Amino acid sequence: MTTTEIKRHAVTATLLIAVMSVTAGTFAQNAATNPAAAWWAHIQYLASDQMAGRETGSVEHRRAAQYIADAFKRAGLKPAGIGGYFQPVKFISRKVVEPKSSLAIIKNGKAEPVVLGEEATFSMSIEHAARTEAPMAFVGYGLTVPETNYDDLAGLDLKGKVAVLLSGGPSEIPGPLRAHYSNERWSAMKRAGVIGVISIQNPIGQDIPWDRSKLARFRPSLSLAGSGLEANQGEQLAVTFNPAKAEKLFVDSGHTFAEIMKIAESGKALPRFNLPASIRASVVFERKVIESQNVAGILRGTDPKLKDEYVVLSAHLDHVGKGEPINNDPIYNGAMDNASGVATLIEAARAFGSGKKQLKRSVIFLAVTGEEHGLKGSRYYASHPTVPANQIVADINIDMFLPLFPFRSFIVQGLEESNLADDLRKVAKTAGVDVLSDPEPERRAFVRSDQYSFIRNGVPSISLKVGFVKDSPEHEIVKKWRKERYHAPSDDLNQPIDFESAARFNDTYLKVAEEIANRAERPRWNNDSFFKRFARQE
Ligand SMILES: [Zn+2]
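Rules used in this analysis
Residues numbered from 1 in each chain as written. Predicted model: local features only at pLDDT ≥ 70, side-chain atom pairs only at ≥ 80, totals over all residues. Heavy atoms only, no water. Axes fitted to C-alpha atoms, helices over the stretch in contact; angles between N-to-C directions. Helix = DSSP H or I, 4+ residues; strand = E, 2+ residues; numbered from the N terminus. Parallel < 35°, antiparallel > 145°, perpendicular 65-115°, else oblique. Left-handed = near helix turned anticlockwise from the far one by under 90°. Contact = heavy atoms within 4.5 Å. Nonpolar A, V, L, I, M, F, W, Y, C, P; charged D, E, K, R; others polar. Buried < 20%, exposed > 50% of the residue type's maximum accessible area, 1.4 Å probe, protein only. Donors = N, O, S within 2.8 Å, 3.2 Å for Na, K, Ca; no water. Polar contact = N/O pair within 3.5 Å; in protein donor to acceptor, adjacent residues only side chain to side chain. Pairing = 2+ DSSP bridges. Expected span 1.5 Å × (residues − 1). Arc of directions from axis to C-beta. Phe/Tyr/Trp six-rings, centres within 6.5 Å; stacked < 30°, edge-to-face > 60°. Salt bridge = Lys/Arg side-chain N within 4 Å of Asp/Glu carboxyl O.

So, on to the packing of helix α3 (residues 59–75) against helix α8 (residues 335–353). Relative orientation of the contacting elements α3 and α8 amounts to 15°, with a least axis distance of 8 Å. One element, α3, and the other, α8, form an angle in the roughly parallel class. Remark: the crossing between α3 and α8 carries right-handed chirality. Every residue of α8 that contacts α3 at Y67, I68, A71, F72 and A75 is listed here: V342, L345, I346, A349, R350 and G353. Of the residues contributing to the contact of α3 with α8, the split by class is nine nonpolar, one polar and one charged.

For the peptide bond that leads from D337 to N338, omega is 0°, which places it in the cis range. One can find N338 in helix α8. With phi around 65°, N328 is a residue other than glycine that occupies positive phi space. With respect to the helices and strands, the residue N328 is situated in the loop between β16 (322–326) and β17 (329–331). Despite not being glycine, M400 shows a phi value in the positive range, around 55°. Looking at the secondary structure, you find M400 in the loop between β19 (392–398) and β20 (409–413). By relative accessible area, M400 is classed as buried at 5%.

Each protein donor to the zinc ion is listed here as D337 (OD), E372 (OE), E372 (OE) and H487 (NE2); together their distances run 1.9 to 2.4 Å. Read in sequence order, the donor residues for the zinc ion give the motif D-x34-E-x114-H. Here the residue E372 occupies a position in the loop between β18 (362–368) and α9 (376–383), and H487 occupies one in the loop between α12 (473–484) and α13 (499–518), the gap between them amounting to 115 residues. H487 gets classed as buried once you look at its relative accessible area, which sits at 15%.

A word on α9. Counting buried positions over the eight residues of α9 gives seven, a clear majority of the element. Among the residues of α9, K376, G377, S378, R379, Y380, Y381 and A382 are the ones counted as buried. Structurally, α9 contributes buried residues whose contacts are with β2 (86–96), β11 (221–224), β14 (285–299), β18, β19 and α11 (451–455).

Next up on the list: the packing of helix α10 (residues 420–431) against α13. Contact geometry of α10 with α13 gives a least axis separation of 9 Å together with a crossing angle of 135°. On the basis of their axis angle, the class for α10 and α13 is oblique. At the point where α10 passes α13, the crossing takes the right-handed sense. Taken together, the residues of α13 that come into contact with α10 (itself represented by L420, D423, L424, K426, V427 and A431) are R504, T508, K511, V512, E515 and I516. Looking at side-chain class alone, the contact of α10 with α13 contains six nonpolar, one polar and five charged residues.

On to the side chain of H316, then. With respect to the helices and strands, H316 occurs in strand β15 (residues 310–316). In terms of polar contacts, H316 uses its side chain to reach the side chain of D337, at 3.0 Å. For H316, the side chain forms a polar contact with the side chain of E371, separated by 3.2 Å. Excluding residues within four positions of it along the chain, H316 makes contact with D337, N338, V342, V368, E371, E372, I398, D399 and D450.

Turning to the sheet that holds strand β4 (residues 110–113), a few remarks are in order. Strand order in this open sheet of eight strands is β4-β3-β13-β6-β9-β10-β12-β5, and the pairing throughout is mixed. Both edges of this open sheet fall to β4 and β5 (120–122), since each of them pairs with a single strand only. Ignoring which end each strand starts from, the neighbouring axes of this sheet average 30° apart. For strand β6 (residues 131–138) and strand β13 (residues 273–282), the ladder comprises seven bridges, and the chain directions are antiparallel. Paired with A134 across the two strands is I279, which belongs to β13. On top of the sheet, helix α7 (residues 257–265) reaches β6, β9 (162–166), β10 (196–200) and β13; it is set at about 55° to β9, its chief contact.

Spanning twelve residues, α12 covers 17 Å between terminal C-alpha atoms, matching the ideal 16 Å at 1.5 Å per step. Of all the positions in α12, only H475, V478, W481 and R482 are classed as buried. Along the axis of α12, the buried residues cluster in a sector spanning 120°; they form a single face. Exposed residues pointing more than 90 degrees away from the buried face of α12 are listed as P473, K480 and K483.

Here we come to the side chain of N294. Mapped onto the fold, N294 is located in strand β14. The buried category is assigned to N294, whose relative accessible area is 0%. Apart from the residues within four sequence positions on either side, N294 is in contact with Y85, F86, Q87, V89, L366, A367, V368, T369, G377 and Y381.

With five of five residues buried, β10 lies mostly within the body of the structure. Burial along β10 is two-sided: the residues G196, I198 and I200 and V197 and S199 are all buried. Where β9 and β10 come together, five bridges link them in parallel fashion. Its bridge partner lying in β10, A163 is registered against V197.

Right, let's talk about the packing of aromatic side chains for a bit. On inspection of all chains with the given rule, the structure shows 22 aromatic pairs. Plain terms: the ring middles of F138 and F273 are 5.4 Å apart, the flat faces sit at 35° to each other, and that makes the pair tilted. Taken as a pair, F138 in strand β6 and F273 in strand β13 lie far apart in primary sequence, 135 residues in all. In this structure, F138 and F273 share a single accessibility class: buried. Taking the centre distance of 4.8 Å and the plane angle of 80° together, the rings of F530 and F531 count as edge-to-face.

This next bit is on the pattern of salt bridges. Under the definition given, this model contains 24 salt bridges. The partner of R482 in a salt bridge is E440, and the shortest N-O contact between them spans 2.7 Å. Of this pair, R482 sits in helix α12 while E440 sits in the loop between β21 (434–437) and α11; the two residues are 42 residues apart in sequence, bridging distant segments of the chain. R482 sits in the buried class, given a relative accessible area of 7%. Within this structure, R94, E127 and R287 form a network of salt bridges that share partners.

In structure tokens form, the structure reads like this:
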């Protein structure tokens, strides 16, 4: 080692010590004044720049998974994966090669190019055909809801056509139903003979503006490999269209997109008609198989009978990795989305693992992968559980619960669906907080988090967040957060967290989990719940 090197090392060491003591100092202060310090420490690790945004399949994701497994072990949980705390999950990864791909609207033999990125993007969640050329029809929201006799496809000849739709649905269809069927659009389309879908991003209920969302198109998209769980089989073209550029799809159709948006804003059903043009697409993409991991630990129940029933506490550990830089920052840290939920899960493992509280049922602590690719890790676990499937009685999910202002209420996904609501209300009453339904059903949050993977496998489930009333100042804070930080590099360690809110939320969450793990009867779907149909025979 040369002297200059020694000097340089000495300087680095001094700097390091300085940094460490500042951090330690902040910590000591935190621990004394703020019970959320332990929770925040997990987030500091998981959402640090070194973790590079925990992209599914990356080494950083694996490191995060190891951190969680170690924490579960220290907390006294037993492994509940495959031969350890991990459950491996295989994915097909697809990434568009945009310079070799193209999209155009064909009318009277003339091709009008669609600018990829600015005007539309290919959704790589499906196995695109190399080349597609087909006539287009506008199918409104493209929804088929048998329960309410609502069918956007009725009376249209869609054989061999590409369906153009506006995402979302009419307000006449109840939120959960609308959410479920917008997730399941393809099966009805396929029956009607549709070969591809162009989905115009509905500005209503859209968290991320186009200018930001278009940046995500160069990230690989993941599907579950060889599990038979992917719903889009047979779809050969999937395009997302910028609403600000959608007018060009409607030229000479007798309708305008502006007119369609006006009807959408009124909440009514949309007109449906053939478009006087075809779409021509040629799509080149890279494809590979990758592996990632769910992390699962178990705490055995104390009741001789109820210990054979399992309550799942879930949170996703993956985020979206590195991407297009915003303000020169390429790391999408995912501090709130969802290092925060994983931190809550780890702290719950520590609290329950200490044995101070007796839980009658067994509890699975589950950190899942692939959420950002469409709930893939939870979908895989719910279909390939490491305990008997029909003995999983509930899932409580935490995803980006946003402690940005005082915790006065829970917003609950699934509140109207099962008698888990009774446990929740009981705990909330004691804790002095309100229990609120989703104030923004148009965001389809009910099918956008991991609880939904359990729901569709018959398990009564809920998801919890710090609550707010519609159009309140707190709602504005949440909307601003989504617009600026959601799936952006600024969802990092530098943001205004209300630590007391986080601590109170975490504490109340523990009580909810305890109440559900100890309830006398197995949780049940409400009789009028649409999702009751997925329930297994008991
Ligand atoms: Zn997310």
